[in-house]
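Structural overview for review
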Amino acid sequence: MTLKIDTEIEYDLEDLQYDIDDSLETDRWSDAPSEVKKLFHTLEWNIIDGEHPDTVGFIDEALDSEVTARTLISGPMAAGIAEVGRRFKMDEYFLPEVMMSAKCMHEALSRLKPLILAEKSEEVGTVVIGTVQGDLHDIGKKIVAMMMEAAGFTVHDLGVTVPPEKFVEAIREHKPHIVGFSALLTTTMNMQWETLKLFAAEGIREDFKVFVGGAPISQGWCDKIGADAYAMDALVAVDKAKACVTRLKNLNGGNPELHEAMLEIDRERESAKAEAGK
Ligand code: B12
């Protein structure tokens, strides 16, 4: 038996700041039993506070309460690191604090990774993924890589600050179906475009589908640079990746029909969400 808790709810980070500071109580996770709700707030707070020696203990407690690894990642962990981002943006936090919070995220992900990977069933395809040159952010990319692996992909994660030439090298070696670029900085998102341009120059652009993601990335950016798919989170990335290696496998990278099919997946997801919210 696993607990089902809605992690798609939208929350206001301003509320998160005050409610969590004052009482560890918010409107979030109200569909969870009260002790789990409290544990989620404790985990959020642990990430915000950067107390990484305690992180795995809270994760284990939540797992003992029948909460799934996926719920922890898309629920309290995502909320905690989002609040860290808000504090950083407002100059309430500086780099050392963000680094401590990132360490909590990494420790939690290391604990959860084997549980996520245990879901892997049949082999569906190959993915090469990396954070583009100049960018050191990798928490989101690691989540995407993990979820892709759980969905049946063999994933070659090239790490962070990956130069375009290293992508080309890895593509020649692993012959992927999908190549993913992560970028978290407005100053590095252009490297997604540069890397894509190198693929065209090398004559390999059509050999695979290109996925782009990261906080400053949008569908508009994906369209502008001529990538095949944008995904705002790991779940959407997996849905689109699976479609690419099954019903859309005969459409080459860069094909406008493929691009339209990716947009259709977003539309279907939106209408399913609207339907569920009725
Ligand atoms: C943690 C963090 C750090 C850590 C990173 C640790 C690590 N190993 O990753 C450290 C402390 C190192 C860091 C450094 C810096 N950071 Co920083 N950082 C963050 C923070 C707070 C959280 C990022 C994160 O992990 N989010 C959680 C994950 C789960 O979300 P995500 O990455 O968006 O990933 C999801 C989706 O985007 C998507 N996705 C992600 N990648 C991909 C790839 C593909 C292919 C697909 C399909 C989908 C996909 O799926 C993921 C899972 O759902 C953000 C704030 C924010 N709002 O993003 C700032 C932020 C990104 N950082 C910022 C800045 C400015 C910096 C520094 C320049 C600070 C400095 N002065 O040195 C340096 C840059 C260093 C460098 N060269 O890269 C700014 C960027 C501003 C901008 N517009 O460019 C932000 C937005 C903070 C802010 N609000 O000002 N940072």
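Thresholds, definitions, all that
- Residues numbered from 1 in each chain as written.
- Predicted model: local features only at pLDDT ≥ 70, side-chain atom pairs only at ≥ 80, totals over all residues.
- Heavy atoms only, no water.
- Helix = DSSP H or I, 4+ residues; strand = E, 2+ residues; numbered from the N terminus.
- Rg over C-alpha atoms; globule rule 2.2 N^0.38 Å.
- Buried < 20%, exposed > 50% of the residue type's maximum accessible area, 1.4 Å probe, protein only.
- Areas by Shrake-Rupley, 256 points an atom, 1.4 Å probe, with all protein chains shown as cover.
- Lys, Arg positive; Asp, Glu negative; His and termini not counted.
- Charge placed at Lys NZ, Arg CZ, Asp CG, Glu CD.
- Expected span 1.5 Å × (residues − 1).
- Bend = angle between axes of the 7 residues up to and from the residue.
- Contact = heavy atoms within 4.5 Å.
- Near = heavy atom within 4 Å.
- Polar contact = N/O pair within 3.5 Å; in protein donor to acceptor, adjacent residues only side chain to side chain.
- Nonpolar A, V, L, I, M, F, W, Y, C, P; charged D, E, K, R; others polar.
- Domains from an automatic or database assignment.
- Pairing = 2+ DSSP bridges.
- Right-handed = clockwise from strand over helix to strand, strands pointing away.
- Axes fitted to C-alpha atoms, helices over the stretch in contact; angles between N-to-C directions.
- Buried area = accessible area lost by both parts, 1.4 Å probe.
- Donors = N, O, S within 2.8 Å, 3.2 Å for Na, K, Ca; no water.
- 1 Å grid on protein atoms, 1.4 Å probe; cavity = no way out; pocket = protein on both sides within 12 Å on 5 of 7 lines; lining within 4 Å.
- Points joined across faces, edges and corners; volume = space filled by probe spheres on them.
- Disulfide = S-S within 2.5 Å.

**Focus: the overall build of the protein**
Helix and strand counts for the protein stand at 11 helices and five strands. Computed over the C-alpha atoms, the radius of gyration of the protein is 19 Å, within 12% of the 19 Å expected from 2.2 N^0.38 for a compact globule of 278 residues. With respect to the three principal axes, the spread of C-alpha positions in the protein is 55 × 40 × 35 Å. For the protein, buried positions account for 47% of its 278 residues. Of the roughly 13600 Å² that the protein leaves accessible, carbon and sulfur atoms contribute 54%. If you average the places of the 29 positive and of the 51 negative side-chain charges in the protein, the two averages end up 6 Å apart.

**Comments concerning helix H5 (residues 95-117)**
Taking 1.5 Å per residue as the helical rise, H5 with its 23 residues ought to reach 33 Å, and the 31 Å between its terminal C-alpha atoms agrees with that figure. Where H5 bends most, at arginine 111, the angle is about 35°, and the proline proline 114 comes one to four residues later. On its buried side, H5 packs onto helix H2 (34-49), helix H3 (52-64), helix H4 (69-89) and helix H6 (139-150).

**Description of the site of the ligand**
Near the ligand, the surroundings consist of 34 residues, among which Leu136, His137, Asp138, Ser182 and Thr186 are the closest. Between histidine 106 and the ligand, the recorded distance is 3.1 Å, taken from a side-chain N or O atom to a nitrogen atom. When residues in the shell around the ligand are grouped by element, the largest group, five residues, is from H5. When the residues that make up the shell around the ligand are grouped by side-chain class, the tally is 20 nonpolar, 10 polar and four charged. Built from parts of two domains, the shell around the ligand gets at least three residues from each of domain 1 (13-117) and domain 2 (125-276).

**Description of the pairing of strand E4 (residues 209-213)**
Among the five residues of E4, five are classified as buried, and the element is accordingly described as predominantly covered. Here E4 shows a buried face lined by Lys209, Phe211 and Gly213 and a second buried face lined by Val210 and Val212. Where strand E3 (residues 178-182) meets E4, five bridges bridge the pair, whose relative direction is parallel. Residue pairing in the sheet places isoleucine 178 in a bridge with lysine 209 of E4. Regarding topology, helix H9 (residues 219-225) serves as the crossover connection from E4 to the parallel strand E5 (residues 229-230), and that connection is right-handed.

**Focus on the sheet that holds E5**
If you walk across this open sheet you meet the five strands as E2-E1-E3-E4-E5, and the pairing is parallel. At either margin of the open sheet sits one strand with a lone partner, and together these are strand E2 (153-157) and E5. Against the sheet, helix H7 (residues 164-174) contacts strand E1 (125-131), E2 and E3, and its axis sits at roughly 165° relative to E1. Of the strands in this sheet, E2, E3, E4 and E5 are in contact with helix H10 (residues 234-245), which crosses E4 at around 175°.

**Quick notes on the domain arrangement of the protein**
Much of the literature gives interface size as the accessible area that the parts lose upon coming together. On domain assignment, one finds that the protein holds domain 1 (13-117) and domain 2 (125-276). If you average the C-alpha positions of domain 1 and of domain 2, the two centres end up 27 Å apart. Contact with domain 1, which involves nine residues of that partner, is made by nine residues of domain 2. Taken as a group, Arg70, His106 and Leu109 account for 44% of the area that domain 1 buries against domain 2, more than any other trio of residues on that side.

**Thoughts on unusual backbone geometry**
In the Ramachandran plot, tryptophan 29 falls in the positive-phi region, its phi being about 55° despite a non-glycine side chain. Among the structural elements, tryptophan 29 can be located in the loop between helix H1 (13-23) and H2. Look at tryptophan 29 and you get buried, because its relative accessible area is 1%.

**Describing the coordination of the cobalt atom of the ligand**
Exactly one donor from the protein chain reaches the cobalt atom of the ligand: His137 (NE2), at 2.3 Å. Looking at the element boundaries, histidine 137 is found in the loop between E1 and H6.

**So, the layout of surface pockets**
Counted as a void, the second largest pocket has a volume near 170 Å³. Lining the second largest pocket, in full, are His106, Leu109, Ser110, Lys113, Lys142, Ala145, Met146, Glu149, Val155 and Asp157. A breakdown of the residues in the lining of the second largest pocket according to their chemical character gives four nonpolar, two polar and four charged. A domain split of the lining of the second largest pocket shows at least three residues from each of domain 1 (13-117) and domain 2 (125-276).

**Observations concerning the state of the cysteines**
Simply put, the disulfide is a covalent bond whose two ends are the sulfur atoms of two cysteines. In total, this model carries zero disulfides according to the counting rule given. There is no disulfide at cysteine 222, and the cysteine sulfur nearest it, in cysteine 244, is 11 Å away.

**Focus: the environment of asparagine 46**
Within the secondary structure layout, asparagine 46 lies in helix H2. As for asparagine 46 and glycine 80, which are separated by 34 residues in sequence, their C-alpha atoms are 8.0 Å apart. If near-sequence neighbours (up to four positions away) are discounted, asparagine 46 is found in contact with Glu51, Asp54, Thr55, Phe58 and Cys104.

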